[in-house]
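So the chains spell out like this:
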Amino acid sequence: VPALVKAKAAGVIVGMFSSDVPPEYADTARDFFVGVNDLMAGEAAGQAFLNEFPNGAKIVEIGGQSGHDAQIKRHDGFNNQIAGSSLEVIDYKACQQWDTNQAMMIMEDMIVKHGDEIEGVFCHWDGGATGILNALDTAGMTGVFMVGVDGNKAGFDQVRSGKQSVTIMQNFENMAKITMDTARKLIDGENIEKVVNFV
């Protein structure tokens, strides 16, 4: 954030893509943000669990990089969506980075702690889901309902194989195009929307 604030103050156009700065820096650290609504991604993940387990289940949540905009919003959206339901989040931990190996190690710890109690896993990103699936496979745990976010190649492949139950797709190609169009408009002196969220 400090680097972005300095760049913007120096007259450099700063556009954020996919993940935004914290709200308190929206005016000083960037000119615009283009991305999906990560609260909605968390809500969609929560709804997938509500659809799969109408009578409740015990699930764990493995978050993305702790303190990251997407991690916070996906966590909040998910937990708001399942609030008041019979779903029980029995464990939650965020990673230090969006790192597959960290997700795998967290899942290994959760398996040691909770074992067969775990009926579902919500992972904030499909790359992390890859590590979680490895941990489940090593532990011989099958039939665990797995939801990830991003809709990248790994997520699609894991859903096709039946290892991952759901991926919440975010269209990064559209984000990239809209980011470049928005930057061009700003360079040309046109009025822009400072926040472009889309589904």
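Structure shown above.
Residues numbered from 1 in each chain as written. Predicted model: local features only at pLDDT ≥ 70, side-chain atom pairs only at ≥ 80, totals over all residues. Heavy atoms only, no water.

Student: Would you mind showing me how to read the overall build of the chain here?
Tutor: Secondary structure assignment for the chain yields eight helices and eight strands. Expected size for 199 residues packed as a compact globule is a radius of gyration near 16 Å; at 18 Å, the chain falls within 12% of this value. With the C-alpha coordinates aligned to their principal axes, the bounding extent of the chain is approximately 60 × 35 × 30 Å. The 199 residues of the chain split such that 44% are buried. When contacts within the chain are restricted to residue pairs at least 6 apart in sequence, those whose partners lie at least 24 apart make up 66%. With 15 positive and 27 negative side-chain charges, the chain shows a spacing of 7 Å between the two charge centroids. (Helix = DSSP H or I, 4+ residues; strand = E, 2+ residues; numbered from the N terminus. Rg over C-alpha atoms; globule rule 2.2 N^0.38 Å. Buried < 20%, exposed > 50% of the residue type's maximum accessible area, 1.4 Å probe, protein only. Contact = heavy atoms within 4.5 Å. Lys, Arg positive; Asp, Glu negative; His and termini not counted. Charge placed at Lys NZ, Arg CZ, Asp CG, Glu CD.)

Student: What is the right way to read the pattern of salt bridges from this model?
Tutor: For side chains bearing opposite charge, pairing can occur when the charged atoms are close. In total, this model carries 11 salt bridges according to the counting rule given. In this structure, Asp150 engages Arg74 in a salt bridge whose closest nitrogen and oxygen atoms are separated by 3.5 Å. Within this pair, whereas Asp150 is found in strand β6 (residues 145-150), its partner Arg74 is found in helix α4 (residues 69-82), the two being separated by 76 residues in sequence. When sorted by exposure, Asp150 lands in the same class as Arg74, which is buried. In this structure, Asp188 engages Arg184 in a salt bridge whose closest nitrogen and oxygen atoms are separated by 3.0 Å. A relative accessible area of 45% places Asp188 in the partly exposed class. (Salt bridge = Lys/Arg side-chain N within 4 Å of Asp/Glu carboxyl O.)

Student: I tried to follow the sheet that holds strand β4 (residues 87-95) on my own but got confused; where do I start?
Tutor: Across a sheet, strands are paired by hydrogen bonds formed along the backbone, either parallel or antiparallel in direction. Spatially, five strands are ordered β4-β3-β5-β6-β7 in an open sheet, and the strand pairing comes out parallel. If you trace the sheet from one side to the other, it starts and ends with β4 and β7 (166-169), each paired once. Within this sheet the neighbouring strands show an average axis-to-axis angle of 15°, counted without direction. Where strand β3 (residues 57-65) meets strand β5 (residues 120-123), four bridges bridge the pair, whose relative direction is parallel. Of the residues in β5, the one forming a bridge with Ile59 is Gly120. (Pairing = 2+ DSSP bridges. Axes fitted to C-alpha atoms, helices over the stretch in contact; angles between N-to-C directions.)

Student: Please explain the nonpolar core as it appears in this structure.
Tutor: Within soluble globular proteins, side chains that are nonpolar generally end up buried alongside one another. Of all hydrophobic cores here, the largest spans 22 residues; its most connected members are Ile62, Met107, Ile118, Val121, Ile132, Leu136 and Met146. With six residues, helix α5 (residues 100-114) is the largest single contributor of residues to this core. Setting aside chain neighbours within four positions, we find Leu136 in contact with Met107, Ile111, Met141, Val144 and Met146. Of all hydrophobic cores here, the second largest spans 15 residues; its members include Ala45, Phe53, Phe145 and Val149. (Core = buried A, V, L, I, M, F, W, Y, C linked by side-chain atoms within 4.5 Å.)

Student: Sorry, what's going on with the side chain of Arg74 here?
Tutor: With a relative accessible area of 4%, Arg74 lands in the buried category. A polar atom in the side chain of Arg74 sits 3.2 Å from the side chain of Gln170. When neighbours within four sequence positions are excluded, Arg74 is seen to be in contact with Asp38, Gly42, Trp98, Phe122, His124, Trp125, Val149, Asp150 and Gln170. (Polar contact = N/O pair within 3.5 Å; in protein donor to acceptor, adjacent residues only side chain to side chain.)

Student: Would you explain the packing of helix α3 (residues 38-52) against α4 in this entry?
Tutor: In a pair of packed helices, the angle between the axes and the distance between the axes together describe the arrangement. α4 packs onto α3 with a crossing angle of 40° between their chain directions and a minimal axis gap of 6 Å. Our classification of the angle between α3 and α4 gives oblique. Crossing angle aside, the handedness with which α3 passes α4 is right-handed. In this structure, α3 uses Asp38, Leu39, Gly42, Glu43, Ala45, Gly46, Gln47, Phe49 and Leu50 to contact α4, whose residues at the interface are Ala70, Lys73, Arg74, Asp76, Gly77, Phe78, Gln81 and Ile82. Its residues placed into classes, the contact of α3 with α4 shows seven nonpolar, five polar and five charged. (Parallel < 35°, antiparallel > 145°, perpendicular 65-115°, else oblique. Left-handed = near helix turned anticlockwise from the far one by under 90°. Nonpolar A, V, L, I, M, F, W, Y, C, P; charged D, E, K, R; others polar.)

Student: Quick question: what am I supposed to make of α4 here?
Tutor: Each turn of an α-helix holds 3.6 residues, which means side chains three or four residues apart point in the same direction. With 14 residues, α4 should cover 20 Å at 1.5 Å per step; its first-to-last C-alpha distance of 20 Å lies within 8% of that length. Buried within α4 are the following residues: Asp69, Ala70, Gln71, Arg74, Gly77, Phe78 and Ile82. Buried-residue contacts for α4 involve α3, β3, β4, β5 and β6. Immediately downstream of α4, the backbone of Gly84 shows phi near 80°, a positive value. (Expected span 1.5 Å × (residues − 1).)

These results come straight from atomic positions and should not be treated as a statement about function.
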